[in-house]
Amino acid sequence: MNGDADKLLAYNGGAVVAMAGKQCVALASDMRFGRDQFQTVSSQFPKLYCLGPRLYLGLTGLISDIQTVSETMQYHVNLYELNERRQVKPHVFTSMLSNHLYAKRFGPFYVESIVAGLQPKTYEPYLASLDILGGTTVSKNFSVTGTCKAQLYGMCEPLWKTDLVGEYGKSSDT
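Residues numbered from 1 in each chain as written. Predicted model: local features only at pLDDT ≥ 70, side-chain atom pairs only at ≥ 80, totals over all residues. Heavy atoms only, no water.

Got a minute to help me understand unusual backbone geometry in this structure?
A negative phi holds for most residues other than glycine; trans holds for most peptide bonds. Its identity is not glycine, yet Gln-23 carries a phi of approximately 55°, on the positive side. Within the element layout of this structure, Gln-23 appears in the loop between β1 (15-21) and β2 (24-29). The exposure class of Gln-23 is partly exposed, given its relative accessible area of 42%. (Helix = DSSP H or I, 4+ residues; strand = E, 2+ residues; numbered from the N terminus. Buried < 20%, exposed > 50% of the residue type's maximum accessible area, 1.4 Å probe, protein only.)

This is the structure in structure tokens:
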């Protein structure tokens, strides 16, 4: 990626992390809406979006593009569910998002994305991260994105274990 794209992705800051467990996924993000990493405009800006009963989208990057992509993808999910009469699966949504981002490759949305969800019948966790052009990386354990990506990798690697469960040993599906 060139320097200008990196500057635009970091302009408002942000971080999203997702981890997979035993029939569950966990997402976390900051709520800061900043400007140039030194000025905080708001501390209540959401970066995680629930698009279905077991489908979540995390976005970091330029705030205006985050809003546009989240609203557009909610529209596409609603349209899919009306036409197909079923819930969209996480891997199908990842393809929809990847196609949407790639279609704008000559004037891209400056967002990096994480898709997290559970398969509708098996509750198998699904994690994928996408770059600004829609390039997809599917992960079995955890996925991170944002301005502090390297630091998040450093935190997630020692904390993640196979078959993690929710707090107090209970598995959650939403």
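Sorry, what's going on with the side chain of Ser-139 here?
As for its placement among the helices and strands, Ser-139 is situated in strand β9 (residues 136-139). You can call Ser-139 buried: its relative accessible area is 15%. In terms of polar contacts, Ser-139 uses its side chain to reach the side chain of Asn-141, at 2.9 Å. Polar side-chain contacts of Ser-139 include one of 2.8 Å to the backbone oxygen of Phe-142. (Polar contact = N/O pair within 3.5 Å; in protein donor to acceptor, adjacent residues only side chain to side chain.)

Mind showing me how you'd approach the environment of Asn-78 here?
Looking at the element boundaries, Asn-78 is found in helix α2 (residues 63-84). Taking relative accessible area as the criterion, Asn-78 reaches 38% and is therefore assigned partly exposed.

Any chance you could explain empty space enclosed by the protein here in plain terms?
Here the idea is plain: a probe the size of a water molecule rolls over the atoms and shows the empty space left. Considering all chains together, one arrives at 1 cavity of 30 Å³ or more under this definition. Taken as a whole, the largest cavity holds about 70 Å³ of empty space. In this structure, the largest cavity is lined by Gly-52, Pro-53, Arg-54, Leu-55, Glu-81, Gln-87, Val-88, Pro-90, Leu-118 and Pro-120. The residue inventory of the lining of the largest cavity, partitioned by class, reads 6 nonpolar, 2 polar and 2 charged. (1 Å grid on protein atoms, 1.4 Å probe; cavity = no way out; pocket = protein on both sides within 12 Å on 5 of 7 lines; lining within 4 Å. Points joined across faces, edges and corners; volume = space filled by probe spheres on them. Nonpolar A, V, L, I, M, F, W, Y, C, P; charged D, E, K, R; others polar.)

Hey, could you run me through the nonpolar core in this one?
The biggest cluster of nonpolar side chains holds 23 residues, and the ones touching the most others in it are Leu-57, Phe-93, Leu-97 and Val-115. Residue assignment for this core shows that the elements contributing at least two residues are β5 (48-52), β6 (55-61), α2, α3 (90-103), β7 (111-118) and β8 (125-130). At 6 residues, the largest contribution of residues to this core is made by α2. Apart from residues lying up to four places away in sequence, Leu-57 is in contact with Lys-47, Leu-48, Tyr-49, Leu-51, Met-73, Phe-93, Leu-97, Ser-113, Ile-114 and Val-115. (Core = buried A, V, L, I, M, F, W, Y, C linked by side-chain atoms within 4.5 Å. Contact = heavy atoms within 4.5 Å.)

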